[in-house]
Amino acid sequence: MSVTGSKARRDRIVHLATTTGLASVEELSQLFGVTASTIRRDLAKLTTDGRLARTYGGAMALAAHPEASLRQRVGEAFEAKQAIARWAAAQVRPGETLLLDAGSTVGALAHELRTAEDLTVATTGLTALQALSDVETVHVECLGGTLRPLSQGFVGPLTEAALERLTFDRVFLGTDGISPELGICEADLRQTRLKELMARRADHVYVLAHAAKLGRRPFHAWTALCEGWTLVTDDTADPAVLAELRARGVATVTTTPERETDGPHGDSARSG
């Protein structure tokens, strides 16, 4: 592999180590289509450069699972997020009152709602606020509080107090990771507590998450996934994880993003 390819592969290895955890040398070898010896040289180089710490059979991140900023995440899985957002927007009816979480996928939903008629939208996210701030047919409520710069969302007691005065037809939640056993993963306990409170105030609860987030456990703060909630993801989601979620009473919807071979009608959805 070329020098450029080697650098890109090593950057990817570091990314895996700091987001989803690092696999074994053998698994990395299969993932990148190179020999185990090549992976060992990559790990040795990354260790020498101070980017990873070696372990038996692999390596680990020096600073485990740093939280990516919203700006960094906006372009991640872009087509999948758009398909999820389109499906979510199609569930909304005129006259409803919605609650939108912070996050890039929920922000994509807010953009889809720009053409909606007669909606009230409350949100904890700056992305949703910016998307809807000039839409005359959508009444917007900002649930203020303490701003988290990385997530561009409000949290804390002021946000929670505002929630106590409102109820909603639907709430759309984002997440950093999903585990059937543990629930929704976030970097901050204030975020997970807020999601619990948001879900309690709505008749219908949706979790919007592209497939790469299923099975991820990047942080240690959790909100339980409750029976009756709906996970909306994309068609590359692991069927085994989806089946386990359904067995726990969580409905699942898989959307098909528009791809180059799909043509103008590429989006579809399958419920489970």
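Just so we're clear, the structure is a prediction, and the values are computed from it rather than from any experiment.

Thresholds, definitions, all that
Residues numbered from 1 in each chain as written. Predicted model: local features only at pLDDT ≥ 70, side-chain atom pairs only at ≥ 80, totals over all residues. Heavy atoms only, no water. Helix = DSSP H or I, 4+ residues; strand = E, 2+ residues; numbered from the N terminus. Expected span 1.5 Å × (residues − 1). Buried < 20%, exposed > 50% of the residue type's maximum accessible area, 1.4 Å probe, protein only. Polar contact = N/O pair within 3.5 Å; in protein donor to acceptor, adjacent residues only side chain to side chain. pLDDT = per-residue confidence, 0-100. Contact = heavy atoms within 4.5 Å. Arc of directions from axis to C-beta. Pairing = 2+ DSSP bridges. Right-handed = clockwise from strand over helix to strand, strands pointing away.

Whenever I open this one, helix α9 (residues 189–200) confuses me. Can you help?
Think of an α-helix as turning once every 3.6 residues; residues three or four places apart then point the same way. Between its first and last C-alpha, α9 extends 17 Å over twelve residues, near the 16 Å set by a 1.5 Å rise per residue. Of all the positions in α9, only Gln191, Thr192, Leu194, Lys195, Leu197, Met198 and Ala199 are classed as buried. Two or three places before Arg190, at the start of α9, stands the capping residue Asp188, its side-chain oxygen 2.7 Å from that residue's backbone nitrogen.

Looking at this structure, how should I read the confidence of the model for the protein chain?
Parts of the model with low pLDDT should not have their predicted coordinates read in detail. The predicted model of the protein chain averages 85 in pLDDT, with 83% of residues at 70 or higher. Predicted confidence for residues 260–266 stays below pLDDT 50, and this span has six contacts to residues more than four positions away or in other chains.

I'm lost on unusual backbone geometry in this one. Help?
Glycine aside, residues mostly have negative phi, and peptide bonds are mostly found in the trans state. You will see that Asp118, though not glycine, has its phi angle at about 55°, which is positive. Along the chain, Asp118 falls in the loop between α6 (104–112) and β4 (119–123). We classify Asp118 as exposed; its relative accessible area is 53%. For Gln152, which is not glycine, the phi dihedral falls at a positive 55°.

How should helix α10 (residues 239–247) be read in this particular structure?
Buried within α10 we find Val241, Leu242 and Leu245. Looking straight down α10, one finds its buried side chains confined to an arc of 100°; they lie on one side. In α10, the exposed positions that point more than 90 degrees away from the buried face belong to Pro239, Ala240 and Ala247. Residues of α10 that are buried in the fold lie against β9 (177–179), β13 (230–234) and β14 (251–255). Capping of α10 at its N-terminal end is provided by Asp238; its side-chain oxygen lies 2.9 Å from the backbone amide nitrogen of Ala240. Count one or two residues on from α10 and you reach Gly249, which has phi positive near 90°.

For this particular structure, what's the right way to read the pairing of β14?
Put simply, side chains in a regular strand alternate between the two faces of the sheet. The buried count for β14 comes to four of five residues, which makes it a mostly enclosed element. As paired elements, β13 and β14 share five bridges and run parallel to each other. Each residue of the ladder has a partner; that of Asp234, found in β14, is Thr255. A crossover connection joins β13 to the parallel β14 through α10; in handedness this β-α-β unit is right-handed. For β14 and strand β15 (residues 269–271), the ladder comprises three bridges, and the chain directions are antiparallel.

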